[in-house]
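Commentary on secondary and tertiary structure
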Amino acid sequence: MKKKRNTALLIIIATILAVVFIIPLLWMFSTAFKTDFEAIAGGLNFIPEEFTWENFTYILSGQGLDVQVFRWMFNSVFSGIVGTLIIVAIDAMAAYGLARLNVPFKKFLFPLFISTLMIPFVITFLPMYLQFSSVNLLNTYAVLILPYTANAFGVFLLYQFFKGFPKELEEAAHLDGANKWQIFTKVVLPSAKPIMWTLAIFSFMTIYNDFLWPLVATNSPEMRTLTTGIAIMQQGSFTSSYGKLMALTTIATLPILIVFLIGQKQLIKGITQSGIK
Amino acid sequence: MASQVISRKNSKKDKFTSFLFVLPYLVLFLGFMFIPLIYGIIISFTDYNLLSSEATFNGFENYARIFDPNSALNSIFFDGLWNTLQFVLYTVPFLVVIGLALALLLNYLPKKITGLYRTIFFIPYAISVSVVSIIFLWMLDTNAGLINNFLMNLGFDSIPWLTKQPFAWVSLAGATVWWTIGFNMIIFINALNEVPEELYEAASIDGAGAWKQLISITLPSIRPAMLFTILMSTIQSFNVYGQPLLMTEGGPGDSTEVLLMGIVNQAFSQREIGTASAMAVLMALIMIIISAVQFKISNKKEKGEA
């Protein structure tokens, strides 16, 4: 009897907390559908008195923005997807090579890669800026993609997985005459799908949501990402037009929210598998 | 071992084809991690300036200026460091304790509904820092903001959340905890699932209450997760940049002007890449030392009790 009452109490507490947690997002959605007049007047109404799509049509028409919001969306999604594909492909190859193949100097290379997990971004971002600047690659997709691909997190994550992969399957494929590449792509990779999805979702979120690097590495309005474009609109012409700002942030948040909600289970599973417990 | 079976055939060719697997990553690693790292340290010993094409070595002069109390760099670095440390202090304990509390709460809920609540607490983690900052700017607005409107409806005065201390720190810390707590919660949920059920059963038979079980069973069992979340949260909070830039613009005064803001300013507004790099190297060193110390302390504890 006591246990049941406790559970009910815990559900109530969890529900109150969940409501508090979701309020900022609801308030964003709600303001996006209010007129500027109603938004600025304040109040506590989550359902707009005068429901309007005006903020969205204004944003989507590109009015008041430095460039069309679709351009920023494309930049974020494109660099996110290409960066993620590169990361997943090269990290899987490197991790498999280091974990299972006869790579020269691997006793030296693996610790070298992993030790950079300790190196904070602050120490590499200025020289990286100068490198890209000296070859005139600022404001390009290269600058929005390549720096993320050197991260050792994926190599580390996949290395652990490949280390524990049963060797018999590889041996059987080898006896059937498969070469290393065939064994890797036909036997090993299919079994690594879940953990590679985890890495993919993590990588996409990191690139899509990053702020400091795209902020310093791009300055032309066309090459801004959603995250930096929004920040610049907020400090510029949209400073106090919260209805329009909230429509803009809603548009920016929906794609990543969808990716996140679909991939959430994989993400959680991957965190579990990665041995961080 | 499969790799050895293969390698017997032709060791040299085998080594080469194996190396091809690592090559793409190695190239990107050299270009976008290793070379910048070395280059960054080298620049920190020069007077590199974005306005002139030449940079000359000036030894430890940049570092000496940072430690010279009469230099402007001294206050940029140490005030920034102090503000950053305050932010770490105001966020990490909450990120760890509330993260654990949420995980414990979800652990006690009926299995059927856990997933829904876990998703809700985890959702903010998917959002970018500029969206988080703008949502909180809007909620904390002095006149029209949700929170002040709520307070005024209850008969309180409106609070200058972003323009007066200590409210500015409360706002920055609050927004950050809301944004990132979900990740720590997931780590703790995983850790809690790994604690053997028998330990709790044995403790119940011995008559240990919920609190006693938490202290003597749960906490010791999840120590690695605890270490991981403390480490990760500290590193992330040390790197804080977007929230104070967008929410308080470093104010009121320059009380929330964090170290990374000072470094970016020095590099891109003052165009002094050399001194900015020296500050970046020092900041990186401090972060590495803090992580190493945290790691050492918790490792020692673990050994001490084993």
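Keep in mind it's a predicted model, so treat the numbers as computed, not measured.

Let's talk about the overall build of chain A
Scanning chain A from N- to C-terminus turns up 14 helices and 0 strands. Walking chain A from its N terminus toward its C terminus, one meets helices and strands in the order α-α-α-α-α-α-α-α-α-α-α-α-α-α. In summary, chain A has a C-alpha radius of gyration of 24 Å against a globular reference of 19 Å for 277 residues, an excess of more than 25%. Along the first, second and third principal axes, the C-alpha atoms of chain A reach 75 × 70 × 35 Å.

A look at the overall build of chain B
Secondary structure summary: chain B contains 14 helices and 0 strands in total. Starting at the N terminus, the α and β elements of chain B follow one another as α-α-α-α-α-α-α-α-α-α-α-α-α-α. Taking 306 residues into account, the globule formula puts the C-alpha radius of gyration at 19 Å, and chain B, at 25 Å, lies well above it. The dimensions of chain B, computed from C-alpha atoms along their principal axes, are 80 × 75 × 35 Å. With 306 residues in all, chain B has 52% of them scored as buried. Look at the contacts in chain B between residues 6 or more apart in sequence, and 66% of them connect residues 24 or more apart. Summed over its atoms, the accessible surface of chain B is roughly 14500 Å², and 65% of this surface lies on carbon and sulfur atoms. A gap of 16 Å separates the mean positions of the 17 positive and 19 negative side-chain charges of chain B.

Brief notes about the UniProt feature "domain: ABC transmembrane type-1" (unreviewed entry) in chain B
Feature annotation in UniProt places "domain: ABC transmembrane type-1" (unreviewed entry) on residues 81-294 of chain B, given in this structure's numbering. Each end of residues 81-294 of chain B is marked by a C-alpha atom, and these two atoms are 18 Å apart; helix forms 76% of the span and strand 0%.

Some details on the interface of chain B and chain A
Across the contact, 97 residues belong to chain B and 96 residues belong to chain A. Buried area between chain B and chain A, both sides added, is near 8800 Å², and the carbon and sulfur share of it is 81%. Taken as a group, B:Phe21, B:Tyr25 and B:Trp138 account for 11% of the area that chain B buries against chain A, more than any other trio of residues on that side. Viewed at the interface, chain A and chain B are joined by 1 salt bridge. Notably, a salt bridge pairs A:Lys180 with B:Asp14, separated by 2.8 Å at the nearest N-O pair. Linking chain B with chain A are 14 residue pairs in polar contact (both at pLDDT 80 or more), by the criterion used here.

Focus on the UniProt feature "transmembrane region" (unreviewed entry) in chain B
Here the UniProt-annotated "transmembrane region" (unreviewed entry) positions come out as residues 20-42, 87-109, 121-140, 167-189 and 273-293 of chain B. Secondary structure within residues 87-109 of chain B divides into 96% helix and 0% strand; the distance between the first and last C-alpha atoms comes to 33 Å.

Points about helix α5 (residues 111-122) of chain B
The end-to-end C-alpha distance of α5(B) is 17 Å, a good match for the 16 Å that 12 residues give at a rise of 1.5 Å each. Along α5(B), the positions that sit buried rather than exposed are B:Thr114, B:Tyr117, B:Thr119, B:Ile120, B:Phe121 and B:Phe122.

Details of the UniProt feature "domain: ABC transmembrane type-1" (unreviewed entry) in chain A
According to UniProt, the positions carrying the feature "domain: ABC transmembrane type-1" (unreviewed entry) are residues 73-263 of chain A. Structurally, residues 73-263 of chain A comprises 75% helix and 0% strand, and the distance from its first C-alpha atom to its last is 20 Å.

Description of the nonpolar core
Ranked by internal contacts, the top residues of the largest apolar core, which has 188 residues, are A:Phe113, A:Trp213, B:Met185, B:Tyr241 and B:Ile263. Per-element accounting of this core gives the leading share, 15 residues, to helix α8 (residues 167-194) of chain B. In this structure, B:Ile263 is in contact with A:Val122, A:Leu126, B:Ala276, B:Met279, B:Ala280 and B:Met283, ignoring residues within four places of it in sequence.

Observations regarding a nonpolar patch on the surface
Residues and elements named next belong to chain B. A contiguous nonpolar surface patch, about 530 Å² in accessible area, is contributed by Leu 30, Phe 34, Ile 35, Ile 38, Ile 42 and Phe 57. With respect to the helices and strands, Ile 42 occurs in helix α2 (residues 11-43). Overall, Ile 42 belongs to the partly exposed group, its relative accessible area being 39%.

Re the pattern of salt bridges
Residue and element names in this part refer to chain A. According to the stated counting rule, one finds 3 salt bridges over all chains in the structure shown. A salt bridge links Lys 244 to Asp 36; the shortest N-O distance between them is 3.0 Å. Highlighted residues: Lys 244 in helix α14 (residues 242-273) and Asp 36 in helix α2 (residues 36-40), separated in sequence by 208 residues.

Some remarks on the environment of B:Gln294
Residue and element names in this part refer to chain B. As for its placement among the helices and strands, Gln 294 is situated in helix α14 (residues 273-305). For the pair Gln 294 and Thr 234, spaced 60 residues apart in the sequence, the C-alpha separation amounts to 9.7 Å. Among residues more than four places away in sequence, those in contact with Gln 294 are Leu 227, Ile 230, Leu 231 and Thr 234.

A word on the UniProt feature "transmembrane region" (unreviewed entry) in chain A
Residues and elements named next belong to chain A. The positions that UniProt labels "transmembrane region" (unreviewed entry) are, in the present scheme, residues 7-29, 72-96, 108-129, 141-159, 195-216 and 245-263. Taken end to end, residues 195-216 has its terminal C-alpha atoms 32 Å apart, with 91% of it in helix and 0% in strand. A helix fraction of 100% and a strand fraction of 0% characterise residues 245-263, whose end C-alpha atoms lie 27 Å from each other.

What about the packing of aromatic side chains?
Evaluated as defined, the whole model comprises 45 aromatic pairs over all chains. Aromatic pair B:Tyr125 and B:Phe183: ring centres 5.4 Å apart, planes at 20 degrees, arrangement stacked. Of the two residues, B:Tyr125 sits in the loop between α5 and α6 (129-139) while B:Phe183 sits in helix α8, which places them 58 residues apart along the sequence. Ring pairing ties together the aromatic residues A:Tyr96, A:Phe161, A:Phe162, A:Trp181, A:Phe184 and B:Phe21, which thus form one cluster. For the cation-ring pair, A:Lys244 lies above A:Tyr58, with the distance from its terminal atom to the ring centre recorded as 4.7 Å.

A short note on unusual backbone geometry
Backbone phi values are negative for most residues with the exception of glycine, while trans is the configuration of most peptide bonds. The peptide bond linking B:Gln165 to B:Pro166 adopts the cis configuration, its omega dihedral lying at 0 degrees. Within the element layout of this structure, B:Pro166 appears in the loop between α7 (146-153) and α8. Cis geometry marks the peptide bond from B:Gly251 to B:Pro252; its omega dihedral reads 0 degrees. By secondary structure assignment, the location of B:Pro252 is in the loop between α12 (242-248) and α13 (259-268). With a phi close to 55 degrees, A:Asn136 is a non-glycine residue in the positive phi region.

What about the packing of helix α9 (residues 167-175) of chain A against helix α10 (residues 180-191) of chain A?
Residue and element names in this part refer to chain A. Two elements in contact, α9 and α10, have axes whose closest approach is 10 Å; the angle formed by their N-to-C orientations is 135 degrees. Taken together, α9 and α10 sit at an angle that is classed as oblique. Crossing angle aside, the handedness with which α9 passes α10 is right-handed. Along the contact surface, α9 presents Leu 169, Glu 170, Ala 173 and His 174, while α10 presents Ile 183, Val 187 and Val 188. For the contact of α9 with α10, the class distribution of residues is 5 nonpolar, 1 polar and 1 charged.

Rules of the game
- Residue indices begin from 1 for each chain and proceed along its sequence in written order.
- A letter from A marks each chain and a number from 1 marks each ligand, given out in the order of writing.
- Reporting in this predicted model follows two pLDDT cut-offs: at least 70 for local features of residues, and 80 or more for side-chain atom pairs to be given and counted; totals over whole chains, interfaces and linings ignore these cut-offs and use all residues.
- Processing note: side-chain calculations cover all non-hydrogen atoms of the structure and skip hydrogens and water entirely.
- Strands here mean DSSP runs of E at least two residues long; helices mean DSSP runs of H or I at least four residues long; both are numbered from the N terminus.
- Radius of gyration: over C-alpha atoms. The globule rule applied is 2.2 Å multiplied by the number of residues raised to the 0.38 power.
- Only protein chains enter the calculation, and the probe is 1.4 Å; a residue is then buried if its accessible area is under 20% of its type maximum, exposed if over 50%, and partly exposed in between.
- A contact between two residues is defined here by any heavy atoms of the two lying within 4.5 Å.
- The Shrake-Rupley method, run with a 1.4 Å probe, gives the accessible areas here. Residue values count only the displayed protein chains as cover.
- The charged-residue count follows a simple rule in which Lys and Arg add positive charge and Asp and Glu add negative charge, with His and chain termini not counted at all.
- All charge positions are set by atom: Lys at NZ, Arg at CZ, Asp at CG, Glu at CD.
- UniProt positions are given in the numbering used here, feature names are shortened, and annotations may be inferred rather than shown by experiment.
- Accessible area, probed at 1.4 Å, shrinks when two parts are joined; the buried area is that loss added up over both.
- In the sections that follow, a salt bridge refers to a side-chain nitrogen of Lys or Arg positioned within 4 Å of a carboxyl oxygen of Asp or Glu.
- Whenever a nitrogen or oxygen atom comes within 3.5 Å of another N or O atom, the pair is scored as a polar contact, on the condition that within protein one atom can donate a hydrogen and the other can accept it, and that pairs from neighbouring residues in sequence are kept only if both atoms are in side chains.
- To estimate how far a helix should reach, multiply one less than its number of residues by 1.5 Å.
- Here, the term nonpolar core denotes a set of buried Ala, Val, Leu, Ile, Met, Phe, Trp, Tyr and Cys residues that are joined through side-chain atoms within 4.5 Å.
- For patch building, the residue pool is restricted to those with more than 30% relative accessible area and no salt bridge; the joining distance is 9 Å between like charges and 5 Å between nonpolar side chains (Val, Leu, Ile, Met, Phe, Trp, Tyr).
- Each aromatic pair joins two rings of Phe, Tyr and Trp (for Trp, the six-membered one) with centres within 6.5 Å, and gets the label stacked for planes under 30 degrees apart, edge-to-face for over 60, and tilted for any other angle.
- Counted as over-ring charges are cases with an Arg CZ or a Lys NZ within 6 Å of the ring centre that also lie within 35 degrees of the ring normal.
- Axis definition: a line fitted to C-alpha atoms, over the contacting stretch in the case of helices. Angles run 0 to 180 degrees between N-to-C directions.
- Any angle that is under 35 degrees is reported as roughly parallel, and any over 145 degrees as roughly antiparallel; angles of 65 to 115 degrees are reported as roughly perpendicular and all others as oblique.
- What makes a crossing left-handed is the near helix being turned counterclockwise from the far one by less than a right angle; a clockwise turn instead makes it right-handed.
- In this classification, Asp, Glu, Lys and Arg are treated as charged, Ala, Val, Leu, Ile, Met, Phe, Trp, Tyr, Cys and Pro as nonpolar, and every other residue, Gly included, as polar.

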